[in-house]
Amino acid sequence: MYSAAQDVPDLRRIKKTQTWFPRYFYQHIYMPILYGLLGTKTRITELLILFVYRRNGTLKIAKTSTAHWCLFFGGKVFYYTYRILIPLWVGMPVSQLLSLVFLCDVLASYYLALIFQFSHVNTNVQWPLPDENKVIQADWWEMQIQTCLDYATDSWFVTFMAGTLNHHTAHHVFPYVHQCYLPLVTPIVRKTCEDFGIKYNCCATVWDAFSSHVQHLKHLGHDYKPERSKHEVSMLKQKTY
């Protein structure tokens, strides 16, 4: 649950249960820019989690086996060999190499970040809260649909570039179905939602999905009043009395 760590400072505020800080007022401006640094942030974070914190949020890191250490360091050696050492060995100028590595990293970061931000952090989806027993009173299938957003599902180009993850609702409802079949599943999910009166979230274009994401960041950045779950309200009352 996010509420267990809601007071940990973050660069952005995406849920009303998060503590508001003044810097969030401009998050709709600086966050879309900072998404380009996701790759760099991930590399630094994974090292801190593995060697310093030994935990990922509230989850402790289990003892790392020899095989996993070999896989981890082997992957690092392979990455930096083909990405840095080989270009330098064939004579590529350092300035050109660093510029290209940075450019590739930024593009890959935007590509990965926006695909998932569009689907989960926007003004269309719901953000259910747990009750006093820390239970979200909602049907699992229905909650998967209401907390996801599809976008540009009629565009073969967007579907290809997003690896069909623009059909994100079908991906959540049927997580074990191969991604290549998701475009075939989406019409079935959409029709089922119509039959049972469940809201199906979808934006017609990528721009609409991006706008919805930015609007959500702006709204949560300007709304300084936190939203409490029933469980949190109950805990606050106990502290008061």
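Here, every reference points to the structure presented above.
Just so we're clear, the structure is a prediction, and the values are computed from it rather than from any experiment.

### What about the overall build of the chain?
Assigned secondary structure in the chain consists of ten helices and four strands. Taken from the N to the C terminus, the helices and strands of the chain come in the order α-α-β-β-α-α-α-β-α-α-α-β-α-α. In the chain, buried positions account for 33% of the 241 residues. A sequence separation of at least 24 residues applies to 60% of the contacts in the chain between residues at least 6 apart. For the chain, the exposed surface amounts to about 15,700 Å²; the carbon and sulfur share of it is 67%.

### Some thoughts on unusual backbone geometry
Within the chain, K134 stands out as a residue other than glycine whose phi angle is a positive 65°. In this fold, K134 is placed in the loop between helix 4 (94–120) and helix 5 (140–146). Unlike most non-glycine residues, T164 shows phi in positive territory, near 65°.

### A short note on the nonpolar core
If you look at the biggest cluster of nonpolar residues, it comprises 18 residues, and the most contacted ones within it are Y35, Y151 and A209. Secondary structure elements with two or more residues in this core: helix 4 and helix 9 (206–222). Per element, the largest residue contribution to this core is four residues, and it comes from helix 4. Look past the residues within four positions of Y35 in its chain and what remains in contact with it is R12, S109, Y110, A113, L114, Q117, H213 and L217. Membership of the second largest hydrophobic core comes to nine residues, among which are I145, A170, V173 and C193.

### A closer look at the packing of aromatic side chains
In total, this model carries 17 aromatic pairs according to the counting rule given. Ring geometry for F72 and F73: centres 5.2 Å apart, planes at 85°, overall edge-to-face. Consider the rings of W141 and F174, whose centres lie 6.3 Å apart with planes at 50°: the pair is tilted. Of this pair, W141 sits in helix 5 while F174 is found in the loop between helix 7 (168–173) and helix 8 (182–196), placing the two residues 33 residues apart along the sequence. By relative accessible area, F174 is classed as partly exposed at 36%. Grouping aromatic residues by their ring pairs yields a cluster made of F51, W69, F72 and F73. Looking at R23, its charged tip hangs above the ring of F21, at a distance of 4.8 Å from the centre.

### Focus on helix 1 (residues 27–34)
Turning to helix 1, its buried residues are Q27, H28, M31 and P32. Burial along helix 1 is one-sided: seen end-on, the buried residues are contained in an arc of 115°. For helix 1, the secondary structure elements touched by its buried residues are helix 4 and helix 9.

### Structural notes on a nonpolar patch on the surface
A cluster of nonpolar side chains, I44, L47, L48, F51, V52, Y53 and F73, forms an exposed patch at the surface whose accessible area comes to about 660 Å². Among the elements that make up the nonpolar patch, the one with the highest residue count is helix 2 (residues 38–53) (six residues). When its relative accessible area of 30% is taken as the criterion, L48 is described as partly exposed.

### With respect to the side chain of R83
Position of R83 relative to the elements: it lies in helix 3 (residues 66–89). As a buried residue without a salt bridge, R83 has its nearest oppositely charged side chain in D105, at a separation of 4.7 Å. Not counting chain neighbours up to four residues away, the residues in contact with R83 comprise L97, V101, C104 and D105.

### What about the packing of helix 3 against helix 4?
Two elements in contact, helix 3 and helix 4, have axes whose closest approach is 9 Å; the angle formed by their N-to-C orientations is 150°. One finds that helix 3 runs roughly antiparallel with respect to helix 4. Like other packed secondary-structure pairs, helix 3 and helix 4 cross with a definite hand, here right-handed. Contact residues: Y79, R83, I84, P87 and L88 in helix 3; V94, L97, V101, C104 and D105 in helix 4. Looking at the contact of helix 3 with helix 4 residue by residue, the class counts come to eight nonpolar, no polar and two charged.

### Details of the state of the cysteines
Scanning all chains against the criterion turns up zero disulfides. Considering cysteine sulfurs only, C203 is the nearest to C202, which forms no disulfide, with 6.8 Å between them. With a relative accessible area of 32%, C202 lands in the partly exposed category.

About the cut-offs
Residues numbered from 1 in each chain as written. Predicted model: local features only at pLDDT ≥ 70, side-chain atom pairs only at ≥ 80, totals over all residues. Heavy atoms only, no water. Helix = DSSP H or I, 4+ residues; strand = E, 2+ residues; numbered from the N terminus. Buried < 20%, exposed > 50% of the residue type's maximum accessible area, 1.4 Å probe, protein only. Contact = heavy atoms within 4.5 Å. Areas by Shrake-Rupley, 256 points an atom, 1.4 Å probe, with all protein chains shown as cover. Core = buried A, V, L, I, M, F, W, Y, C linked by side-chain atoms within 4.5 Å. Phe/Tyr/Trp six-rings, centres within 6.5 Å; stacked < 30°, edge-to-face > 60°. Lys NZ or Arg CZ within 6 Å of the ring centre and 35° of its normal. Arc of directions from axis to C-beta. Patch = residues over 30% accessible without salt bridge, like charges linked within 9 Å, V, L, I, M, F, W, Y side chains within 5 Å. Salt bridge = Lys/Arg side-chain N within 4 Å of Asp/Glu carboxyl O. Lys, Arg positive; Asp, Glu negative; His and termini not counted. Axes fitted to C-alpha atoms, helices over the stretch in contact; angles between N-to-C directions. Parallel < 35°, antiparallel > 145°, perpendicular 65-115°, else oblique. Left-handed = near helix turned anticlockwise from the far one by under 90°. Nonpolar A, V, L, I, M, F, W, Y, C, P; charged D, E, K, R; others polar. Disulfide = S-S within 2.5 Å.

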